[in-house]
Amino acid sequence: MADNQQVPEKLAVLPRHLVTGASANLATCRICETLCHIHANNATCPVCGTHLHLRSQTAFSKSVAYLIAAYILYIPANLLPVMHTETIFGPEDDTIMSGVVLLFASGSWPLGLLVFFASVMVPLLKLFSMSFLLFTCWRRSASHPLQRTQLFRIVETVGRWSMLDIYVVTVLVALVQFQSLASVYPGEGAFAFAAVVVLTMLSAINFDSRLIWDAIDTNE
């Protein structure tokens, strides 16, 4: 109880716009979401025993680094073949867009649109969204913080599902059509795709959404 009584006293001596969780040595447990008072560097949650820490000072730079790497690998992921097929008619390499074009040409418009949206548009929108969030935080923009936070939540939710279905769809189509008459191998683009998925997820995971609200606390 003594620790909880010290918190209001510390908050009382701070200007209103400087009252933050970090300035009051308060942190939310990432497991049970209990608001805790940090005594030292090795503080633990009194409810579940999880190690507590204030925000990471390198969160922004890590998120930017992962995003830049994702941008770089997004280019070979779309230009390099994602699947190499060997049939009785000879070998054939397919990229993401060539697979979409093939689906359109065969009359499978719904499947082609699904593959194009889930494997091309969604990853690109994720990259642009994270770029927008990081840029506005870097500029310390105080505009529309709630909408930017909601955008981040959407990116964080969609991130784990993007670009994972393209290879499943492509391989299944090849196996259904050719069965034992064909051999299917992953191409270089598939590994680049997997790296883009992981890097964009890491960028979102390392992004601290509290950076969106820091500019508001400073400008007040």
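Throughout what follows, the structure given in this document is the object of discussion. Just so it is clear, the structure is predicted and the values come from calculations on it, not from any experiment.

## Observations concerning the overall build of the chain
Next up, step 1: A tally of helices and strands in the chain yields eight helices and five strands.
Next up, step 2: Counted from the first residue to the last, the chain has its helices and strands arranged as α-β-β-α-β-β-α-α-α-α-β-α-α.
Next up, step 3: Counting across all 220 residues of the chain, residues that qualify as buried make up 35%.
Next up, step 4: By sequence separation, contacts in the chain at least 24 residues apart represent 62% of the contacts at least 6 residues apart.
Next up, step 5: With the model as given, the accessible surface of the chain reaches about 13300 Å², and the carbon-plus-sulfur share is 66%.

## Some words on the environment of Thr-149
Next up, step 1: The topology assignment puts Thr-149 in helix α5 (residues 145–159).
Next up, step 2: Sequence-wise, Thr-149 and Trp-213 are 64 residues apart; in three dimensions their C-alpha atoms are separated by 9.0 Å.
Next up, step 3: What Thr-149 contacts, discounting residues up to four positions off in sequence, is Ile-212 and Trp-213.
Next up, step 4: A distance of 2.8 Å separates a polar atom in the side chain of Thr-149 from the backbone oxygen of Pro-145.

## Some thoughts on the packing of helix α2 (residues 59–79) against helix α7 (residues 188–206)
Next up, step 1: The geometry of α2 relative to α7 is characterised by a closest axis approach of 8 Å and an angle of 160 degrees between their N-to-C directions. Classified by the interaxial angle, the pair formed by α2 and α7 is roughly antiparallel. The handedness of the crossing between α2 and α7 comes out as left-handed. Of α7, the residues touching α2 (which contributes Ala-59, Lys-62, Ser-63, Tyr-66, Leu-67, Ala-69, Ala-70, Leu-73, Tyr-74, Pro-76, Ala-77 and Asn-78) are Gly-189, Ala-192, Phe-193, Ala-195, Val-196, Leu-199, Thr-200, Leu-202, Ser-203 and Asn-206.
Next up, step 2: Of the residues that constitute the contact of α2 with α7, the class distribution is 15 nonpolar, six polar and one charged.

## Concerning the packing of aromatic side chains
Next up, step 1: Scanning the entire structure with this criterion turns up three aromatic pairs.
Next up, step 2: Note on Phe-104 and Trp-109: the rings are 4.7 Å apart at their centroids and 20 degrees apart in plane angle, and the pair reads as stacked.
Next up, step 3: Exposure remark for Phe-104: the relative accessible area of 24% places this residue in the partly exposed category.
Next up, step 4: Here Phe-135 and Trp-138 contribute two aromatic rings whose centre-to-centre distance is 5.9 Å and whose plane-to-plane angle is 45 degrees, an arrangement assigned as tilted. Residue Phe-135 and its partner Trp-138 are both found in helix α4 (residues 109–138); the two are separated by three residues, about one turn of the helix.

## As for the nonpolar core
Next up, step 1: Judged by nonpolar contacts, the single largest core of 22 residues is most densely connected at Met-130, Leu-133, Phe-152 and Phe-207.
Next up, step 2: Elements with a minimum of two residues in this core: α2, α4, α5 and α7.
Next up, step 3: The dominant element in this core, judged by the number of residues it contributes, is α4, at six residues.
Next up, step 4: When residues no more than four places from it in sequence are discounted, the contact partners of Phe-152 are Met-130, Leu-133, Ala-204, Phe-207 and Ser-209.
Next up, step 5: Ranked by size, the runner-up nonpolar core spans seven residues in total, among them Cys-29, Cys-36, Cys-45 and Leu-52.

## Focus on unusual backbone geometry
The bulk of non-glycine residues show a negative phi, and the bulk of peptide bonds are trans.
Next up, step 1: For Arg-140, which is not a glycine, the phi torsion comes out positive at approximately 55 degrees.
Next up, step 2: Mapped onto the fold, Arg-140 is located in the loop between α4 and α5.
Next up, step 3: Non-glycine residue His-144 carries a positive phi angle of around 50 degrees.
Next up, step 4: As for its position among the elements, His-144 is in the loop between α4 and α5.

## Thoughts on the packing of α2 against α4
Next up, step 1: Where α2 contacts α4, the axes come no closer than 11 Å and their chain directions differ by 150 degrees. One way to sum up the angle between α2 and α4 is to call them roughly antiparallel. Both α2 and α4 take part in a crossing whose hand is left-handed. Here Phe-60, Ser-63, Val-64, Leu-67, Ala-70, Tyr-71, Tyr-74 and Asn-78 of α2 come into contact with α4, specifically with Val-120, Pro-123, Leu-124, Leu-127, Phe-128, Met-130, Ser-131, Leu-134, Cys-137 and Trp-138.
Next up, step 2: Considered class by class, the residues forming the contact of α2 with α4 number 15 nonpolar, three polar and no charged.

The rules behind these values
- Residues numbered from 1 in each chain as written.
- Predicted model: local features only at pLDDT ≥ 70, side-chain atom pairs only at ≥ 80, totals over all residues.
- Heavy atoms only, no water.
- Helix = DSSP H or I, 4+ residues; strand = E, 2+ residues; numbered from the N terminus.
- Buried < 20%, exposed > 50% of the residue type's maximum accessible area, 1.4 Å probe, protein only.
- Contact = heavy atoms within 4.5 Å.
- Areas by Shrake-Rupley, 256 points an atom, 1.4 Å probe, with all protein chains shown as cover.
- Polar contact = N/O pair within 3.5 Å; in protein donor to acceptor, adjacent residues only side chain to side chain.
- Axes fitted to C-alpha atoms, helices over the stretch in contact; angles between N-to-C directions.
- Parallel < 35°, antiparallel > 145°, perpendicular 65-115°, else oblique.
- Left-handed = near helix turned anticlockwise from the far one by under 90°.
- Nonpolar A, V, L, I, M, F, W, Y, C, P; charged D, E, K, R; others polar.
- Phe/Tyr/Trp six-rings, centres within 6.5 Å; stacked < 30°, edge-to-face > 60°.
- Core = buried A, V, L, I, M, F, W, Y, C linked by side-chain atoms within 4.5 Å.

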